[in-house]
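This is what each chain is made of:
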Amino acid sequence: MSTNAFYSNKNEAYITYPGNDLGYTYTPESTTFKVWAPSAEQVLLKLYTTGSFYEEGAQVIGIKQMLYDATTGVWSATIDGDLHKTYYTYVIKTEKGTHETQDVYSKAVGVNSARSEIVDLASTNPEGWENDRHVLLDKPNDAIVWEVHVRDFSSSDTSGVSREHRGKFLAFTEKDTVIPFTCFPTCVNYLKKLGVTHVQLNPVFDFGSVDEITGVEYNWGYDPVNYNVPEGSYSTDPYHGEVRIREFKEMVKALHEEGIGIIMDVVYNHVFSTKDSPFEKTVPGYYFRMQDGKFLNSSGCGNVTATDKIMFRKFMIDSLRYWTEEYHIDGFRFDLMACHDIETMNEIRAELDKIDKRIILYGEPWTANDGENGISGEDCCNKANAKKLSSRIGMFNDDMRHGIKGGSDDDSKGFIQGSTHSAYNVIAGMMGASSVTFGNWANEPSQCVTYASAHDNLTLWDKILKSNWCSDFDTTDELYIRQNELSAVLVLMSLGISFFLAGEEFARTKQGDHNSYKSPDSINSINWTRAVRYRKLVDYYKGLIRIRKAFSPLRDNTTKAVNDGYIVYNGQSISLTLRNTAEGEWKMLSVIINNSDNPCQPQIKSQYELPESWVILADKDEAGTEAIGTFSPDMQVSPRSALVIVDKESYDKLSAAKE
Ligand code: CA
């Protein structure tokens with residue numbers, strides 16, 4: 001970043017600071033503090049023994065007047081001695097009043113976030129951390145993402161995780177977990193067999209909606225307090241900030257050891273409480289978009305951050321770099337990304353590229369309230385503007401989601417329940433929203449996150465039941481399982497980045513709760529016994545994942561597979577045929593989805609020569625990379641089912657080579 005750009009921006013009310021040393025810089029001999037607060041009249045640094053006033057031994061151990069540098073807007077102070085595990089705040093006096101606040105650049109905090117903490121980060125590294133490596137795939141489209149909430153993952157008794165680790169970061173470090181008194185795998189033990197490449201964690205930064213002392217309430221955590229600090233309620237000790245840092249790293253290391261990457265859900269678009277936020281207390285009125293003295297609200301949560309302002313944009317970049325480098329995070333999912341401006345997101349991409357181009361970035365291409373975004377519609381990261389964004393910044397394809405299953409919370413039907421109206425959205429989505437013929441809001445399939453369900457709204461299973469007027473959440477009615485299977489085929493046999501909610505593959509239910517963000521564990525916890533009850537469905541997902549991994553055109557990040565592919569819709573079934581030029585793989589694959597009540601005659605077309613014979617890899621009962629039969633074009637596809645077939649010649653050749 002050029003220094004000049006920072007000083008010359010006409011929209012900035014204050015002088016800005018490009019340095020990389022905001023927050024504290026620790027050595028065992030001394031610690032230097034720097035806070036950007038150009039509107040302050042006075043800033044005091046306060047040092048404490050504890051993170052809260054009611055802990056044993058709580059006392060103030062120092063107050064120091066910080067010095068202002070008018071050329072940078074930065075206040076600084078240096079304290080001699082080893083401050084590891086010392087807590088601190090800033091007392092900032094502006095014309096809006098005097099406020100005590102934690103550091104905007106906090107790396108650690110005490111319980112419930114009130115005070116920042118100085119931590120020697122090197123001391124938080126678990127054993128072997130120096131050998132921990134990012135899980136980075138060649139293309140974003142190689143990713144198959146499983147979205148999970150830290151607490152849901154292990155809070156149920158059925159997880160088999162030890163009581164003290166249930167609902168915590170450390171649950172991810174337990175190996176060989178099973179449903180108690182059975183041999184059925186759970187948690188990471190289950191995940192490594194499922195075949196997903198990444199977990200996406202719902203917010204794991206410090207959020208405000210759960211009391212870290214009692215840990216009683218449940219919340220998804222989309223209410224940020226300190227962006228650069230792990231959440232305390234997921235740690236075994238929320239009082240001592242260094243503990244949660246170490247435990248978070250233990251989680252990362254354990255997943256990396258299984259070859260699973262971690263995508264972090266980041267919520268830079270708003271903060272939990274405007275007036276209590278360290279941003280607002282430090283530089284009042286600067287970090288949020290405002291109009292006529294009022295906080296705008298495109299997040300739907302009472303404020304929206306000003307990513308178009310130099311110092312917030314810089315904060316985001318610094319924060320993302322920090323999580324990537326200090327915690328070895330492999331990708332980021334941006335909540336309400338359309339609250340952010342295009343320039344910021346492209347700059348984030350460029351800055352993270354300096355670390356590694358393979359770090360995955362995608363986000364929600366919408367706001368909660370377009371009318372209060374505070375930036376021009378041409379500048380926000382929505383689908384209409386996708387082409388102005390880097391091709392390596394993805395967006396959730398809500399058109400495809402809608403096409404697959406219908407409205408997220410109502411009883412409408414989508415393609416999997418037999419609707420013929422939504423075929424167009426499905427077809428465009430199968431092509432990664434990158435086909436000139438069928439619709440291409442995306443530059444390339446690398447920009448398209450293909451999915452049917454996420455944490456928001458009804459689970460896929462609950463949606464399927466609602467649209468079929470069924471209220472037995474434990475039903476094993478074949479019709480509903482077939483509809484779930486068709487969704488799996490549409491997500492995993494399409495172009496784009498595959499994504500699904502944890503447990504979608506075992507008919508996860510939230511008992512019809514469409515917005516469980518603060519519902520109890522009884523609604524949100526993953527009930528691992530469903531992975532047994534619906535194991536045929538789990539096996540179906542596993543098999544499709546194996547096919548996806550074996551056939552690279554499905555994972556093409558460019559438009560080559562789109563241009564080489566051929567899609568036909570005959571009013572009853574969709575067939576997508578992809579050809580492959582990669583060595584050592586099947587040469588042609590066709591996926592046929594019949595969503596009707598009747599058997600249908602597939603129409604398979606390609607601009608390339610079609611093979612004389614095919615083998616079947618997936619049908620209505622099973623899926624995998626081993627042939628389960630042969631296919632001839634005069635065969636019928638069963639009602640409400642899919643077929644995945646590959647050309648027999650290359651299949652036989654590859655099978656022979658394996659033996
Ligand atoms: Ca918290």
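The structure contained in this document is the topic of the report that follows. (Residues numbered from 1 in each chain as written. Predicted model: local features only at pLDDT ≥ 70, side-chain atom pairs only at ≥ 80, totals over all residues. Heavy atoms only, no water.)

Turning our eyes to something else, we now look at the overall build of the chain. Looking only at helices and strands, the chain features 16 helices and 27 strands. Here the C-alpha atoms of the chain give a radius of gyration of 26 Å, agreeing with the 26 Å that 2.2 N^0.38 yields for 659 residues. With the principal axes as the frame, the chain shows a C-alpha extent of 85 × 60 × 50 Å. Counting over 659 residues, the chain shows a buried share of 63%. Contacts spanning at least 24 positions in sequence make up 72% of the contacts within the chain whose residues lie at least 6 apart. Of the roughly 23800 Å² that the chain leaves accessible, carbon and sulfur atoms contribute 49%. Each charge sign in the chain was given a centre, from 66 positive and 92 negative side chains, and these centres are 2 Å apart. (Helix = DSSP H or I, 4+ residues; strand = E, 2+ residues; numbered from the N terminus. Rg over C-alpha atoms; globule rule 2.2 N^0.38 Å. Buried < 20%, exposed > 50% of the residue type's maximum accessible area, 1.4 Å probe, protein only. Contact = heavy atoms within 4.5 Å. Areas by Shrake-Rupley, 256 points an atom, 1.4 Å probe, with all protein chains shown as cover. Lys, Arg positive; Asp, Glu negative; His and termini not counted. Charge placed at Lys NZ, Arg CZ, Asp CG, Glu CD.)

Before going further, it helps to examine the nonpolar core. Phe33, Trp146, Tyr268, Phe332, Phe334, Met430 and Leu544 are the most contacted members of the largest nonpolar core, which totals 164 residues. Take this core: its biggest share by element is 10 residues, from helix α6 (residues 310-327). Contact partners of Tyr268, with chain neighbours within four places excluded, come to Tyr227, Thr305, Phe312, Phe315, Met316, Ser319, Leu320, Trp323, Phe334 and His340. By size, the runner-up hydrophobic cluster in this structure holds 11 residues, among which are Ile263, Ile360, Val449 and Ala454. (Core = buried A, V, L, I, M, F, W, Y, C linked by side-chain atoms within 4.5 Å.)

Within the protein, the atoms that donate to the calcium ion are Asp206 (OD), Phe207 (O), Glu212 (OE) and Glu231 (OE), at distances of 2.2 to 2.4 Å. All donors of the calcium ion belong to a single chain; written as a sequence motif, their spacing is D-F-x4-E-x18-E. Placement of the pair is Phe207 in strand β12 (residues 205-207) and Glu231 in the loop between β13 (224-230) and α4 (241-257), with a sequence separation of 24 residues. Using a relative accessible area of 1% as the deciding quantity, one classes Phe207 as buried. (Donors = N, O, S within 2.8 Å, 3.2 Å for Na, K, Ca; no water.)

Here we take up α4. The end-to-end C-alpha distance of α4 is 25 Å, a good match for the 24 Å that 17 residues give at a rise of 1.5 Å each. Across the 17 residues that make up α4, a large majority, 13, are buried. Backbone geometry just downstream of α4 places Gly259 in the positive-phi region, at approximately 75 degrees. (Expected span 1.5 Å × (residues − 1).)

Our next topic: the sheet that holds strand β11 (residues 198-201). Around the barrel, eight strands lie side by side as β10-β11-β14-β17-β18-β19-β20-β21; this closed barrel has parallel pairing. Between one strand axis and the next, the sheet turns through 30 degrees on average, direction left out of account. Strand direction decides the pairing type here: strand β14 (residues 261-266) and strand β17 (residues 331-334), joined by four bridges, are parallel. Bridge pairing in β17 places Asp265 opposite Arg333. Against the sheet, α6 makes contact with β14 and β17, and its axis sits at roughly 140 degrees relative to β17, the strand it touches most. (Pairing = 2+ DSSP bridges. Axes fitted to C-alpha atoms, helices over the stretch in contact; angles between N-to-C directions.)

Before going further, it helps to spend a moment on the pairing of strand β10 (residues 144-148). Counted residue by residue, β10 has five buried out of five residues, so it is predominantly covered. Here four bridges tie β10 to strand β21 (residues 497-501), and the two strands are oriented parallel to one another. Bridging across to β21, Val145 finds its partner in Phe499. Note: β10 against β11, four bridges, orientation parallel. Its bridge partner lying in β11, Trp146 is registered against Val199.

Another point: the packing of aromatic side chains. Two aromatic rings, taken as a pair, are described by how far apart their centres are and by the angle between their planes. Scanning the entire structure with this criterion turns up 45 aromatic pairs. Ring centres of Phe153 and Phe172 lie 4.1 Å apart, and the angle between their planes is 5 degrees; on these two criteria the pair is classed as stacked. Separated by 19 residues along the polypeptide, Phe153 in helix α2 (residues 150-154) and Phe172 in the loop between α2 and α3 (187-194) bring together distant segments of the chain. On the basis of relative accessible area, Phe153 is assigned to the buried category, the value being 0%. Look at Phe172 and you get buried, because its relative accessible area is 1%. Geometrically, the ring pair formed by Tyr227 and Tyr268 is tilted, given 5.0 Å between the ring centres and 35 degrees between the ring planes. (Phe/Tyr/Trp six-rings, centres within 6.5 Å; stacked < 30°, edge-to-face > 60°.)

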